Amino acid sequence: MIDINTLFPKTAVSLVKEHLTPALFNALKGKQTKNDYSLEQAIRSGIRNPDSSIGIYAGDAESYQLFSKIFIPVIEAYHGCPTNRIHRSDLTKASLSDSDLSCGHIQSFRIRVARNIANLPFPPLIDSATRVKVEEQAVNALLELKGDLGGSYHALGELTDAKRKNLAQKHLLFETGDRFMEAAGINRDWPESRGIFVSKDEKFAVWINEEDHLRIISMDKGGDIAGTYDRLARALTFLEKRLKFAHDPNLGYLTSCPSNLGTGMRAGVHLRLPNFLTQQELLHGTAKEYNLQIRGSHGEKTEVLDGIVDISNRQRLGITEKQCIETLHRGVCAIIKKTG
Ligand code: ADP
Ligand code: MG
């Protein structure tokens, strides 16, 4: 029987390494989804990157069924909830005691949800022709948006340097994925069919063919949580009518990385902590207490620059959209109080 320690580097800390027993590996290693996605492909990123926290990606909706024996324990460990319950969505108004977090140190607020179009392979497995199909369907729907959500589409391969710089400064640009996405196969054929839809006021954006088919983003300078959430809810209600998203009754919206299942939602603030270096313990302790995640100024696995930290909800499954926002709000209020 295979020794899991020879498959993963000794130093690997991922949830997949923790839960993939030799017996499970042997039982699953010969299986392939109808789109030809195997366990070996699913765990490649976790094998190549010892510092992966999850270490397994789904190539299509069927991956979650066929490899459920490994996905389920990873999902339950990450989200901290059972997977045998019906996942509920609730995009109604969040109840926030003080919805405006516009205190001096909040730089911006951003909510994104991850979505994939039903019956098409996800980015770790997708081919060029299907990527074109995703781009066409998504852009056609997005160009129908009106009012404050209306905007234009920019293919990544056709961006001028000036536009690229402008989008990057506003945290609206995505670039070739990091080594985790590289090993998962998500960067293949870069930058084909990748692009960004941006509303005229630049408060609403959609990334196409990044880690998921769509990353739907609402953001604003300062801490107007209610307004940012309302914008996202309106966009989602519209897009749900135009596109059919991959969804499972128990797992919610299906995503490439199991950490995004459920709501697919990560709601977060960029908060400036002038005393970041001396307050790390306090920050991480409070984040843990409120089930929040801390990232760097330019996203996952990046450095904290100028004391700007990205604080967001960690759990996305077993919780509604409304609860994601409320969790974030409660936690950020606590962090501001403790570090202020
Ligand atoms: P995700 O995968 O959830 O979309 P990443 O960690 O990959 O998020 O970061 C994506 C981009 O979003 C990065 O450029 C990051 O700086 C930006 N970003 C994240 N949170 C905020 C925020 N609250 N305000 C502004 N930009 C943000
Ligand atoms: Mg990301």
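Starting afresh in each chain, residues are numbered from 1 along the sequence in its written order. In the order they appear in the text, chains get letters beginning with A and ligands get numbers beginning with 1. Given that this is a predicted model, residues contribute local features only at a pLDDT of at least 70 and side-chain atom pairs are listed and counted only at 80 or more, while totals for whole chains, interfaces and linings are drawn from all residues. Water and hydrogen atoms play no part in the side-chain values, which are based on all heavy atoms of the structure.

Peer 1: Help me out: how do you make sense of the sheet that holds strand β8 (residues 265-272) in this one?
Peer 2: In a beta sheet, neighbouring strands pair by backbone hydrogen bonds and run either parallel or antiparallel. Note: two strands are recorded as paired if DSSP finds a minimum of 2 bridges between them. Helix and strand definitions follow DSSP, with helices as H or I runs of at least four residues and strands as E runs of at least two, each counted in order from the N terminus. With respect to topology, eight strands assemble into an open sheet ordered β2-β3-β4-β5-β1-β8-β10-β9, the strand pairing being antiparallel. Single-partner strands in this sheet number two, and they are β2 (151-155) and β9 (292-295). Averaged over neighbouring strand pairs, the angle between their axes works out to 20° when direction is ignored. With four bridges joining them, β9 and strand β10 (residues 308-313) adopt antiparallel strand pairing. Within the sheet, the bridge partner assigned to Leu-292 lies in β10 and is Asn-313. A fitted line through C-alpha atoms serves as each axis, taken over the contacting stretch for helices, and the angle formed by two N-to-C directions is quoted from 0 to 180°.

Peer 1: For this particular structure, what's the right way to read the site of ligand 1?
Peer 2: Surrounding ligand 1, one finds 17 residues, the nearest of these being Ser-108, Arg-112, Arg-266, Arg-295 and Glu-300. Residue exposure ignores everything except the shown protein chains as possible cover, and the areas themselves are Shrake-Rupley values with a 1.4 Å probe. Computed on the free molecule, ligand 1 has an accessible area of 560 Å², of which 92% lies beneath the protein chains in the complex. Among the elements of the structure, β1 (106-115), β5 (214-221) and β8 are those that each provide at least two residues to the shell around ligand 1. Here the element with the most residues in the shell around ligand 1 is β8; it accounts for four residues. For this classification, Asp, Glu, Lys and Arg are treated as charged, while Ala, Val, Leu, Ile, Met, Phe, Trp, Tyr, Cys and Pro are nonpolar and the rest, including Gly, are polar. In terms of residue class, the shell around ligand 1 is built from three nonpolar, seven polar and seven charged. Distances are taken per atom, and a residue is near a molecule or strand as soon as one of its heavy atoms is within 4 Å of it.

Peer 1: Explanation requested: helix α8 (residues 128-142) in the structure shown.
Peer 2: Expected helix span is taken as 1.5 Å per residue step, with the number of steps being one fewer than the number of residues. The first and last C-alpha atoms of α8 sit 21 Å apart over 15 residues, in line with the 21 Å expected at 1.5 Å per residue. The set of residues buried in α8 consists of Thr-130, Arg-131, Val-134, Glu-135, Ala-138, Val-139, Ala-141 and Leu-142. In an axial view of α8, the angular spread of the buried residues amounts to 160°, which keeps them on one side of the axis. Of the residues in α8, the exposed ones pointing more than 90 degrees away from the buried face are Ala-129 and Asn-140. Residues are treated as being in contact if the distance between any of their heavy atoms lies within 4.5 Å. Residues of α8 that are buried sit in contact with β2, β3 (195-199), β4 (204-208), β5 and α11 (225-242). The cut-offs for exposure are 20% and 50% of the maximum accessible area for each residue type, with area from a 1.4 Å probe on protein chains only; residues under the lower value are buried, those over the upper are exposed, and the others partly exposed. By definition, the arc is the one covered by directions from the helix axis to the C-beta atoms.

Peer 1: What exactly am I supposed to notice about the packing of helix α12 (residues 280-289) against helix α13 (residues 321-339) here?
Peer 2: Between two packed helices, the angle of one axis relative to the other and the distance separating the axes together describe the packing. At a closest axis distance of 10 Å, the pairing of α12 and α13 adopts a crossing angle of 155°. With respect to each other, α12 and α13 are oriented roughly antiparallel. Between α12 and α13 lies a crossing whose hand is right-handed. Packed against α12, whose contacting residues are Leu-282, Leu-283, Thr-286, Ala-287 and Glu-289, the element α13 presents Ala-334, Ile-335, Lys-338 and Thr-339 at the interface. Split by residue class, the contact of α12 with α13 holds five nonpolar, two polar and two charged. Angles below 35 degrees are treated as roughly parallel, those above 145 as roughly antiparallel, those between 65 and 115 as roughly perpendicular, and all remaining angles as oblique. Helix crossings are classified by the rotation of the near helix relative to the far one: an anticlockwise turn of less than a right angle makes the crossing left-handed, while a clockwise turn makes it right-handed.

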